[in-house]
Amino acid sequence: VQLQASGGGLVQAGGSLRLSCAASGRTFSSYVMAWFRQAPGKERESVARITQNGGETYYADSVKGRFTISRDNAKNTVYLQMKSLKYEDTAVYYCAARNTPLTYRYWGQGTLVTVSS
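(A) Examining the overall build of the protein more closely. If you tally the helices and strands in the protein, you get 0 helices and 11 strands. Element order for the protein, N to C, with α for helix and β for strand: β-β-β-β-β-β-β-β-β-β-β. Taking 2.2 N^0.38 as the reference for a compact globule, 117 residues should give roughly 13 Å; the C-alpha atoms of the protein span a radius of gyration of 13 Å, in line with that estimate. Along the first, second and third principal axes, the C-alpha set of the protein runs to 40 × 25 × 25 Å. When each of the 117 residues of the protein is scored for burial, the buried share is 44%. Summarising the internal contacts of the protein: among those between residues at least 6 apart in sequence, 53% fall at separations of at least 24.

Below, the structure written as structure tokens:
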């Protein structure tokens, strides 16, 4: 599967953005989808993930209550709605897909989110 992330940009603290990740292929609904991020000088961290049918979601503590992950299997797209953005949310955001336990085999190219304080 090929992933194409979009929606990043510059936003003021307290603002909102919605990231999208479009997937190619006909098996999108078989993949667990996730968003990761990597801030300058920091390691990549998991932000959110969603199960194949969207029934279960997981969030990092740092974004819980502010970010929402969702998916539309008919459109082969996963979203990350980000609200109440903070300066520390500044990072390159990556979408990823896996159809085996634990290992994300497929990655998008990343989209930059910059939050100004």
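(B) Focus on the pattern of salt bridges. For the coordinates displayed, the defined rule picks out 4 salt bridges. Ionic pairing is found between Arg 37 and Asp 89, a salt bridge with its closest N-O pair at 2.9 Å. A residue pair is termed long-range when its members are at least 10 positions apart, and Arg 37 in strand 4 (residues 32-38) and Asp 89 in the loop between strand 8 (77-82) and strand 9 (91-98) qualify at 52 residues. The same class applies to Arg 37 and to Asp 89, which are both buried. Notably, a salt bridge pairs Arg 66 with Asp 89, separated by 2.7 Å at the nearest N-O pair. With Arg 66 in the loop between strand 6 (57-59) and strand 7 (67-72) and Asp 89 in the loop between strand 8 and strand 9, this residue pair connects regions lying 23 residues apart in the sequence. Look at Arg 66 and you get buried, because its relative accessible area is 11%. What you see here is one network of salt bridges that share partners, running through Arg 37, Glu 45, Arg 66 and Asp 89.

(C) Spatial organisation of the state of the cysteines. All told, the structure shown has 1 disulfide when counted by the stated rule. Disulfide pairing is shown between Cys 21 and Cys 95; the S-S distance is 2.1 Å. Between Cys 21 and Cys 95 the sulfur-sulfur dihedral comes to about 60 degrees; the bridge is accordingly right-handed. Here the residue Cys 21 occupies a position in strand 3 (residues 17-23), and Cys 95 occupies one in strand 9, the gap between them amounting to 74 residues.

(D) Spatial organisation of the environment of Tyr 106. Structurally, Tyr 106 is set in strand 10 (residues 106-107). Given a relative accessible area of 18%, Tyr 106 falls into the buried group. For Tyr 106 and Leu 3, which are 103 residues apart along the polypeptide, the C-alpha to C-alpha distance reads 7.3 Å. Among residues more than four places away in sequence, those in contact with Tyr 106 are Val 1, Leu 3, Tyr 31, Cys 95, Ala 96 and Ala 97. A polar contact is formed between the side chain of Tyr 106 and the side chain of Arg 105, at a distance of 3.5 Å.

Conventions adopted
Residues numbered from 1 in each chain as written. Predicted model: local features only at pLDDT ≥ 70, side-chain atom pairs only at ≥ 80, totals over all residues. Heavy atoms only, no water. Helix = DSSP H or I, 4+ residues; strand = E, 2+ residues; numbered from the N terminus. Rg over C-alpha atoms; globule rule 2.2 N^0.38 Å. Buried < 20%, exposed > 50% of the residue type's maximum accessible area, 1.4 Å probe, protein only. Contact = heavy atoms within 4.5 Å. Salt bridge = Lys/Arg side-chain N within 4 Å of Asp/Glu carboxyl O. Disulfide = S-S within 2.5 Å. Polar contact = N/O pair within 3.5 Å; in protein donor to acceptor, adjacent residues only side chain to side chain.

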